[in-house]
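Coordinate analysis (summary)
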Amino acid sequence: MTDLLKTSLNRRTVLQAATVGAVGVSPALRALVHAQGSDAPEKKEVKIGFIPLTDCASVVMASVLGIDKKYGVTIIPTKEASWAGVRDKLVNGELDFAHVLYGLVYGVHLGLAGPKKDMAVLMNLNHNGQAITLSKKLADKGAVNGAGLAKLMASEKREYTFAQTFPTGTHAMWLYYWLAAHGINPMKDAKVITVPPPQMVANMRVGNMDGFCVGEPWNHRAIMDGIGVTATTTQDIWKDHPEKVLGTTSEFVQKYPNTARAVTAAILEASKWIDDGLANKNKMAETIAGKAYVNTGVDAINQRILGRYQDGMGKTWDDPNHMKFFNEGTVNFPYLTDGMWFLTQHKRWGLIKDHPDYLNVAKAVNRIDVYKQAAAASKTPLPKSEMRTSKFMDGVVWDGKDPAKYADSFKIKA
């Protein structure tokens with residue numbers, strides 16, 4: 001019996017198989033196995049929620065290019081207004097899947113910042129490509145980077161406000177890590193607010209925040225509009241960090257395993273297509289810039305996806321660690337250590353009271369079994385290990401070996 005066939009059998013069937021194992025397979029069960037042997041998706045049409053950000057591209061392109069049809073599904077990308085909205089619609093089943101913040105999925109799984117529901121990460125959608133923007137007003141006073149910001153906050157005392165996109169999400173964790181690395185405690189030395197990504201630039205324009213962490217194209221848009229500067233990129237905080245994921249509920253995977261595999265495979269193939277050259281990246285930028293998706297100018301998207309950066313203060317550079325969607329398959333594997341890292345930061349910042357069972361939570365959420373099937377279907381190479389080692393901006397190395405010790409090791413925490 002193949003692995004694909006095994007996963008398509010429900011639990012009851014497997015138990016039946018076990019009970020007749022000693023005396024041979026009954027004709028009735030043989031017929032049942034044959035009927036369930038097809039790996040065709042159980043749901044032919046799926047709704048995938050997304051937020052207007054550059055890194056929704058692989059979900060959109062899987063639909064626009066018709067790659068989804070190759071795997072027997074029709075993806076309907078559904079534009080959402082906020083991450084809280086995405087969370088609620090995933091939990092109540094209005095959305096089948098979502099382009100979603102890594103840490104949001106883990107937050108819902110543990111019942112942080114909202115309802116508790118068993119969740120699943122099927123694949124990473126991208127690495128890198130987020131940034132921290134500081135207001136032009138701060139930059140004019142010398143706060144053009146972390147050190148400059150810390151100096152200004154020490155000399156010019158007032159309430160400083162920074163925005164992230166969701167309390168347990170990736171942007172909150174990048175912002176907190178960066179501030180803390182420069183001696184600023186985000187819980188005590190600043191006010192942190194939650195703002196949906198497309199509203200960041202407008203809020204900074206009217207003076208509602210001093211800085212924000214968000215995905216592209218909103219950092220570059222702030223520069224184009226003359227209201228903000230790029231203080232750091234997230235790839236400078238953690239090179240090749242995980243970012244958005246394809247998320248769903250554990251219940252959905254259990255009910256529709258073939259659909260989960262087919263959708264993951266289609267998005268893997270779309271990821272490969274995006275990273276396969278300049279022409280594809282430009283076509284992607286033109287597509288997602290449209291009103292139905294990110295709703296911004298192509299020029300706000302097409303520079304940073306190629307690694308062409310400017311900071312809004314005259315500096316330009318080519319960044320080899322720009323947003324990647326595939327990178328020979330290294331982007332998409334749902335490493336257990338990546339999921340565990342978000343848990344260590346949730347503990348660090350007081351979102352979790354006690355140390356969770358880091359490894360087992362990651363094993364429950366990150367559905368490596370589904371990913372491996374999708375990788376086989378889309379001919380995506382697999383890494384040698386389910387864990388990886390990462391080095392951060394402050395020289396600290398994360399390898400997942402002692403997560404509790406790592407979580408407790410930071411001088412600045414909640």
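Residues numbered from 1 in each chain as written. Predicted model: local features only at pLDDT ≥ 70, side-chain atom pairs only at ≥ 80, totals over all residues. Heavy atoms only, no water.

As for the packing of aromatic side chains
Stated formally: Between the rings of Phe, Tyr and Trp (Trp by its six-membered ring), a pair exists once the centres lie within 6.5 Å; its type follows the angle of the planes, with under 30 degrees stacked, over 60 edge-to-face, and the other angles tilted. Every helix listed is a DSSP run of H or I at least four residues long, and every strand listed is a run of E at least two residues long, numbered separately from the N terminus. The buried label applies to any residue whose accessible area, calculated with a 1.4 Å probe on protein chains only, is under 20% of its type's maximum; exposed applies above 50%, and partly exposed to all values in between. Think of it as a cone above the ring: NZ of Lys or CZ of Arg counts as a charge over the ring if it is within 6 Å of the ring centre and within 35 degrees of the ring normal.
In the structure shown here, the tally under the stated rule is 21 aromatic pairs. Relative to F410, the ring of Y177 has its centre 5.8 Å away and its plane inclined at 80 degrees; by these criteria the two rings are edge-to-face. Here the residue Y177 occupies a position in helix α10 (residues 170–181), and F410 occupies one in the segment after α21 (403–408), the gap between them amounting to 233 residues. Per residue, the accessibility class of Y177 equals that of F410, and both read buried. In this arrangement the basic side chain of R348 is found over the ring face of Y177, its NZ or CZ atom lying 5.3 Å from the centre.

Comments concerning the side chain of D68
So the rule is basically this: For this analysis, a polar contact is any N or O atom pair within 3.5 Å, provided that within protein one partner can donate a hydrogen and the other can accept it, and provided that sequence-adjacent residues contribute only side-chain to side-chain pairs. A contact between two residues is defined here by any heavy atoms of the two lying within 4.5 Å.
Its place among the elements puts D68 in helix α5 (residues 67–70). Residue class for D68 comes out buried when judged on its relative accessible area of 0%. Reaching out from D68, the side chain makes a polar contact with the backbone nitrogen of I75 at a distance of 2.8 Å. Not counting residues up to four positions away in its chain, the partners in contact with D68 are A62, S63, V73, T74, I75 and A266.

A closer look at the packing of helix α4 (residues 57–64) against helix α16 (residues 278–288)
Put simply, the rule is: Axis lines are fitted to C-alpha atoms, over the contacting stretch for helices. Their N-to-C directions set the angle, which ranges from 0 to 180 degrees. An angle below 35 degrees is read as roughly parallel, one above 145 as roughly antiparallel, one from 65 to 115 as roughly perpendicular, and any other as oblique. Lys, Arg, Asp and Glu make up the charged group, whereas Ala, Val, Leu, Ile, Met, Phe, Trp, Tyr, Cys and Pro make up the nonpolar group; the residues left over, Gly among them, are polar.
Across the interface, α4 lies against α16 with an axial gap of 10 Å and an inter-helix angle of 90 degrees. Put simply, α4 runs roughly perpendicular to α16. Contacts from A57, V60, M61 and V64 in α4 reach M284, T287 and I288 in α16. A class-by-class count of the residues in the contact of α4 with α16 yields six nonpolar, one polar and no charged.

As for the sheet that holds strand β2 (residues 74–79)
Let me state the cut-off plainly: Two strands qualify as a pair provided DSSP detects at least 2 bridges between them.
As summarised here, the arrangement of the five strands in space is β2-β1-β3-β10-β4, forming an open sheet in which the pairing is mixed. The open sheet has two edge strands, β2 and β4 (119–124), and neither has a second partner. Shown here is a sheet whose adjacent strand axes are inclined to one another by a mean of 30 degrees, direction ignored. Across six bridges, strand β1 (residues 45–50) lies against β2 in parallel orientation. Each bridged residue has a counterpart across the sheet, and for K47 the counterpart in β2 is I76.

Quick notes on the sheet that holds strand β6 (residues 161–164)
Strands in a sheet are paired, the pairing made by backbone hydrogen bonds, and the direction either parallel or antiparallel. Pairing is mixed in the open sheet, where five strands are placed in the order β7-β6-β8-β5-β9. The open sheet has two edge strands with one neighbour each: β7 (191–194) and β9 (228–233). In this sheet, adjacent strand axes meet at a mean angle of 25 degrees when their direction is disregarded. Strand direction decides the pairing type here: β6 and β7, joined by four bridges, are parallel.

Focus on the nonpolar core
Worth spelling out the cut-off: Residues grouped as a nonpolar core are buried Ala, Val, Leu, Ile, Met, Phe, Trp, Tyr and Cys residues, joined through side-chain atoms within 4.5 Å.
Within the largest apolar cluster, 122 residues are counted, with the highest numbers of intra-cluster contacts made by L149, I267 and W341. At 10 residues, helix α15 (residues 257–274) tops the list of elements feeding residues into this core.

Quick look at helix α7 (residues 102–110)
In terms of residue burial, α7 counts as a mostly covered element, since eight of its nine residues are buried. What α7 keeps buried is the set Y102, G103, L104, V105, Y106, G107, V108 and H109. Positive phi appears at G111, one or two residues downstream of α7, with a value of about 75 degrees.

Examining unusual backbone geometry
One can expect most non-glycine residues to show negative phi and most peptide bonds to be in trans. A cis amide bond, omega 15 degrees, links E216 with the succeeding residue P217. Relative to the elements of secondary structure, P217 occurs in the loop between β8 (211–215) and α12 (218–224). Although it is not a glycine, N295 adopts a positive phi angle of roughly 60 degrees. For N295, a relative accessible area of 43% translates into the label partly exposed. Unusually for a residue other than glycine, E328 sits at a positive phi of about 60 degrees. Its place among the elements puts E328 in the loop between β12 (316–318) and α18 (336–348).

Re the pairing of β4
Most of β4 sits inside the fold, with six of its six residues counted as buried. The pairing of β4 with strand β10 (residues 244–249) spans five bridges and is antiparallel. Of the residues in β10, the one forming a bridge with A120 is T248.

What to know about the confidence of the model for the chain
As a reminder of what qualifies: Per residue, pLDDT measures the predictor's confidence, with a range of 0 to 100.
Looking at the chain as a whole, the pLDDT averages 92, with 91% of positions reaching at least 70. Here residues 1–36 scores under 50 on pLDDT; set against residues more than four positions off or in separate chains, the count is 26 contacts.

A word on the side chain of H109
By the element assignment, H109 lies in helix α7. The class for H109 is buried, based on a relative accessible area of 10%. Reaching out from H109, the side chain makes a polar contact with the backbone nitrogen of M119 at a distance of 3.0 Å. The residues contacting H109, other than those within four sequence positions of it, are K116, K117, D118, M119, V361, A364 and V365.

As for the pattern of salt bridges
Let me state the cut-off plainly: The working definition used for a salt bridge is a side-chain nitrogen of Lys or Arg within 4 Å of a carboxyl oxygen of Asp or Glu.
Enumeration over the complete set of coordinates arrives at 19 salt bridges. Across the pair E80 and K89 runs a salt bridge whose closest N-O atoms are separated by 2.8 Å. Classification of E80 by relative accessible area gives buried; the value is 6%. Counted as one network, the salt bridges with shared partners bring together D55, E243 and K244.

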